[in-house]
Amino acid sequence: MIYRRLWGFPNWEARSPFAELERMKRQMDRLMEGFSGTYQRPYAGVFPLINLTEDKNAYYVRAELPGVVAGDLDIQATSNSLSISGERKLPAENKDARWHRREREAGKFSRMVALPSEIDSNKVDASLVNGILTVTVPKAEVTKPRQIAVR
Amino acid sequence: MADSKDIKVREKQEVTTPAEQTTPGMVFTPQVDIFETEKELTLLADIPGVKSEKLNIDLRDNILTITADIDPAEGSGEEDVLIEYETGRFYRQFTLSEVIDQNRIDAKLGDGVLRLTLPKVEKATPRKIAIKAA
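Analysis parameters
- Residues numbered from 1 in each chain as written.
- Chains lettered and ligands numbered in written order.
- Predicted model: local features only at pLDDT ≥ 70, side-chain atom pairs only at ≥ 80, totals over all residues.
- Heavy atoms only, no water.
- Pairing = 2+ DSSP bridges.
- Helix = DSSP H or I, 4+ residues; strand = E, 2+ residues; numbered from the N terminus.
- Axes fitted to C-alpha atoms, helices over the stretch in contact; angles between N-to-C directions.
- 1 Å grid on protein atoms, 1.4 Å probe; cavity = no way out; pocket = protein on both sides within 12 Å on 5 of 7 lines; lining within 4 Å.
- Points joined across faces, edges and corners; volume = space filled by probe spheres on them.
- Nonpolar A, V, L, I, M, F, W, Y, C, P; charged D, E, K, R; others polar.
- Contact = heavy atoms within 4.5 Å.
- Buried area = accessible area lost by both parts, 1.4 Å probe.
- Salt bridge = Lys/Arg side-chain N within 4 Å of Asp/Glu carboxyl O.
- pLDDT = per-residue confidence, 0-100.
- Core = buried A, V, L, I, M, F, W, Y, C linked by side-chain atoms within 4.5 Å.
- Buried < 20%, exposed > 50% of the residue type's maximum accessible area, 1.4 Å probe, protein only.

A.B. asks: Please explain the pairing of strand 6 (residues 63–70) of chain B as it appears in this structure.
C.D. replies: Residues and elements named next belong to chain B. With seven bridges connecting them, strand 5 (residues 50–60) and strand 6 associate as antiparallel partners. Paired with Leu59 across the two strands is Leu64, which belongs to strand 6. Counting the residues in the hairpin turn of strand 5 and strand 6 gives two residues, including Asp61, whose phi is positive at 50 degrees. Pairing of strand 6 with strand 8 (residues 89–95), which is carried by six bridges, proceeds in the antiparallel orientation. Across the sheet, the residue bridging to Thr67 is Tyr91, located in strand 8.

What follows is the structure in structure tokens.
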């Protein structure tokens, strides 16, 4: 019976086991931070880093993309994933300029984000404000929690 | 620099400021480009999520301080699923070796990038000295 409880859990298949592991790892890391003082945040190692949050109706994918123009971004959605790709172009500066520091990077990027449940790919909305990309991904009707009236 | 290269992921650098902040929260170092021409010094800084009214640029005694606060991007009622980056205040300080004309400093903020133009004072701009044949 334990077996059924674990593997027959309604959302288990859809929700990536990695997402769960990441969450646990993050909590562990935060606990460890207090002891060691060093805290390595988990990340996929692919630019851009994303934050994924959810509420009852939608997922919100956010990424920091300073200096990227909306026209250079390409966002595609399937039934349970989102692909964010594009290019960050840094405008050419004066040729006579002598550089003191050059820390900002230009180049192409591409990232795939797997979403924990099915989404309504027709209603995905993206906005880029002050260098922050926010993609609002509505959850598919079937995955939304339904209020059940008790008679 | 080839345009086609891929951007590598870099974690935001957290800073420890000399004096402790009065408000709790994380503080990050923005990535900057600095270049100089004969007339001015230009600084470009990546500060995503900062609105112009929350950006503070201060120049005194050759110390340039950039402080920028952000509003949380998340709406209320949202739960974290996966968090790869943290957000917080941006802070960075530079010592300028050139004498800057304070009145003509120009700052622009667009798409999360600050462009700060610091014109040098007239006497600091090098003058080409023409040598006449005797």
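A.B. asks: For this particular structure, what's the right way to read the sheet that holds strand 7 (residues 79–83) of chain B?
C.D. replies: Sheets are built from strands that pair by backbone hydrogen bonding, the pairs being arranged parallel or antiparallel. Reading across from one edge, 7(A)-8(A)-2(A)-1(A)-7(B) is the order of the five strands in this open sheet, with antiparallel pairing throughout. What marks the edges here is a single partner per strand, and that holds for strand 7 (125–129) of chain A together with strand 7 of chain B. Averaged over all neighbouring strand pairs, the angle between strand axes comes to 20 degrees, with direction disregarded. In this structure, strand 7 of chain A lies alongside strand 8 (residues 132–138) of chain A, joined through five bridges in antiparallel fashion.

A.B. asks: I'm lost on the layout of surface pockets in this one. Help?
C.D. replies: Picture a little ball the size of a water molecule; that probe, rolled over the atoms, points out where space is still empty. All names here are of chain B. If you add up the space inside the largest pocket, you get close to 420 Å³. When residues of the lining of the largest pocket are traced back to their parent elements, those giving at least two are strand 2 (27–29) and strand 8. Tallied by class, the residues present in the lining of the largest pocket amount to eleven nonpolar, three polar and ten charged.

A.B. asks: Teacher, can you tell me more about the interface of chain B and chain A here?
C.D. replies: Taken together, the contacts link 50 residues of chain B with 52 residues of chain A. Across the interface of chain B and chain A, roughly 5000 Å² is buried in total on both sides, 50% from carbon and sulfur atoms. On the chain B side of the interface with chain A, the three residues burying the most area are Ile7, Glu84 and Tyr85 of chain B, jointly 17% of the side's total. Across the chain B-chain A interface, the total number found is eight salt bridges. In this structure, the salt-bridge partner of Asp33 of chain B is Arg104 of chain A, at a minimum N-O distance of 3.4 Å. Contributing elements (two or more residues each) for the side of chain B that touches chain A: strand 3 (32–36), strand 4 (40–46), strand 5, strand 7, strand 8 and strand 10 (113–119) of chain B. Looking at side-chain class alone, the side of chain B that touches chain A contains 20 nonpolar, eight polar and 22 charged residues. With four bridges connecting them, strand 1 (residues 50–54) of chain A and strand 7 of chain B associate as antiparallel partners. Across the sheet, residue Glu54 of chain A finds its bridge partner in strand 7 of chain B, namely Glu79 of chain B.

A.B. asks: It is not clear to me how the confidence of the model for chain A should be interpreted in this structure. Could you clarify?
C.D. replies: Detail in the predicted coordinates should be disregarded across regions flagged by low pLDDT. Looking at chain A as a whole, the pLDDT averages 79, with 73% of positions reaching at least 70. Considering each helix and strand of chain A separately, the mean pLDDT is smallest for helix 1 (residues 2–7) of chain A, with a value of 42, and largest for strand 8 of chain A, with 94.

A.B. asks: Would you explain the nonpolar core in this entry?
C.D. replies: Across soluble globular proteins, nonpolar side chains show a tendency to be buried alongside one another. Core analysis: the largest hydrophobic core is formed by 24 residues, its most contacted members being Val61, Leu65, Phe109, Leu115 and Val137 of chain A. For this core, the elements supplying multiple residues, two or more each, are strand 1, strand 2 (58–64), strand 4 (81–88), strand 6 (107–114) and strand 8 of chain A together with strand 7 of chain B. In terms of nonpolar packing, the next biggest core, distinct from the first, is built from 20 residues, Val32, Leu41, Ala45 and Ile47 of chain B among them.

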